[in-house]
Amino acid sequence: MLKILGSQKSQFCDRISRRNFLQIGGLALGGLSLPQLLQAESSSTKRKQHKGIIMIFLPGGPPHQDMWDIKVDAPSEIRGEFNAIQTNVSGIEIGDQFPRMAQMADKFTFIRSMVGSDGRHDAFQCLTGQRFNNQPLGGWPSLGSVLSKTYGAVDPSIPPFLGLSPKMGHMEWARAGDPGFLGLAHAPFRPNGEGMADMTLNGITLDRLNDRKKVLSSLDQFRSQVDASGTMDGLDSFTQQAFGILTSSKLAEALDLSKEDQALRDRYGRGTPKLRADGGPKLLDDFLTARRLIEAGARCVTLAFSRWDWHGGNFKRGREDMPMLDQGVTALVEDLENRGMLDDVTVVVWGEFGRTPKINANSGRDHWPRVSTALLAGGGMKTGQVIGSTNRLGEYAENRPVHFQEVFASLYRNLGIDVESATIDDLQGRPRYLVDRDKYKAMPELV
């Protein structure tokens, strides 16, 4: 535990001593303090460019044939209750639960032939691109951890990698991204995580950041008094960076959605933080928070939306969740474009696998790792297209199967990393390529 100490006699107007103002705990990261984490990050190769990624994980495996790959010619027991609608791109049709997306399909790439799923109820593959089995010592790092290691922080007040997924009943879905063999210095900073209780700002935990006026007033007052007293003079640079994160208003402001225009918030929608069974929340506020964090300096933000493991009531659940996803994703892409950020920020939406072609007796679809779907936007990519196709029944990839690692190779390319040559050292000092470069390349269709 690191404490920034002041005189016990010195108090603020609210009678809280400076001694008690700031405490930096272990952040639930193996007991390492924030200064230690920052020191470990200092070996990163930092660059001035700021490109980012927002990854929206759909826990449970969304039904590909009910979203962006409607099977209009399939029998009713496979086709289901949803219809195809025209988009603003000639020749592309998507499901009728995505009317907003249909009107701006030129901003999206619909991948209908995702293959290579492990078939596990786990966010791991969507976060790393790697298979779960045969991991190196320490495990494969997630994309956000790779970016943290490779580029470091854009701004010392904003962690490079943030995860918005809360604790869930099925914790494998709650992964915000594991650092793997890169170590805890490159783990995601989780504003909703258990470790936030260890961070105290004048008695105000980050769980109570909605009280913006009180927090920012305390921060400004403390900074000015500490600077005047010379308390910071004897602290090393990493402690000062830790101090900067906790006392700068940048992270707090990025998390404060009340600063946004009401009309924009209405465009995104609100949703609810309540978890859907053992899955994620239907919180559209997270989509807006992700944009604000990237704009503030984050390189990667991950979030989870709802629960898509629909063994029963597939179409009832679809009518509830798909329009919300449609609203949140289209608002995000539109917002990024309006702010001139769309070419620099890549958005990816996907789940761990697809669903069975045949509808079961409970009007649901079961697990189907053989093929799934994904949605891409931004990042300077060529959009307004469909990549790949499944057969008439949606059973398998008929044309242009796309592997998870191909998508990751493309994401890294968007972020300025060449997977043909870039490596990161594992715990044994062995350089590891980010994808299996002998098998998988960045997707040429996106250039």
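What this report covers is the structure whose coordinates are included nearby.

Rules used throughout
- Residues numbered from 1 in each chain as written.
- Predicted model: local features only at pLDDT ≥ 70, side-chain atom pairs only at ≥ 80, totals over all residues.
- Heavy atoms only, no water.
- Buried < 20%, exposed > 50% of the residue type's maximum accessible area, 1.4 Å probe, protein only.
- Helix = DSSP H or I, 4+ residues; strand = E, 2+ residues; numbered from the N terminus.
- Pairing = 2+ DSSP bridges.
- Contact = heavy atoms within 4.5 Å.
- Polar contact = N/O pair within 3.5 Å; in protein donor to acceptor, adjacent residues only side chain to side chain.
- Salt bridge = Lys/Arg side-chain N within 4 Å of Asp/Glu carboxyl O.
- Expected span 1.5 Å × (residues − 1).
- Bend = angle between axes of the 7 residues up to and from the residue.

Attention now goes to the pairing of strand 12 (residues 300-304). Extensive coverage of strand 12 is indicated by the burial of 5 of its 5 residues. Residues C300, T302 and A304 line one face of strand 12 and the alternating positions V301 and L303 line the opposite face, and both faces are buried. Judged from the 5 bridges that link them, strand 3 (residues 52-57) and strand 12 form a sheet pairing that is parallel. In the strand pairing of strand 12, F57 is matched with A304. Both strand 7 (residues 161-163) and strand 12 contribute to a ladder of 3 bridges, which runs parallel.

A few words now on the environment of R291. Within the secondary structure layout, R291 lies in helix 10 (residues 285-296). Linking R291 and V333, residues 42 residues apart in sequence, is a C-alpha distance of 9.4 Å. Leaving out residues up to four positions away in the same chain, R291 has contacts with I54, E260, L264, Y268, L332, D335, L336, R339 and M341. At a separation of 2.6 Å, a polar atom in the side chain of R291 contacts the side chain of E260.

Quick look at unusual backbone geometry now. Despite not being glycine, N134 shows a phi value in the positive range, around 60 degrees. Residue placement: N134 occurs in the loop between helix 4 (124-128) and helix 5 (143-151). Taking relative accessible area as the criterion, N134 reaches 76% and is therefore assigned exposed. The phi dihedral of R400 falls on the positive side, at around 50 degrees, and the residue is not glycine. Residue position: R400 is located in the loop between strand 19 (397-399) and strand 20 (402-403). According to the relative accessible area criterion, R400 is partly exposed, its value standing at 26%.

This part is about the pattern of salt bridges. Two side chains carrying opposite charge are able to pair once their charged atoms lie near each other. Tallied over the full model, the rule gives 31 salt bridges. E337 is paired through a salt bridge with K107; the nearest N and O atoms lie 2.7 Å apart. Separated by 230 residues along the polypeptide, E337 in helix 11 (residues 314-338) and K107 in the loop between helix 3 (99-103) and strand 6 (108-115) bring together distant segments of the chain. R339 serves as the salt-bridge partner of D335, at 3.0 Å between the closest nitrogen and oxygen. Looking at D335, the relative accessible area reads 4%, which means it is buried. Several salt bridges share partner residues, and in doing so they unite E260, R291, R292, E295, D335 and R339 into one network.

Over its 25 residues, helix 11 extends 35 Å from the first C-alpha to the last, a length consistent with the 36 Å expected when each residue adds 1.5 Å. The principal kink in helix 11, of about 30 degrees, is found at E320, preceding the proline P323 by one to four residues.

This part covers the side chain of R299. Of note, R299 is situated in the loop between helix 10 and strand 12. Residue R299 is classed as buried on the basis of its relative accessible area of 1%. Here the side chain of R299 touches G152 through a polar contact of 2.7 Å, landing on its backbone oxygen.

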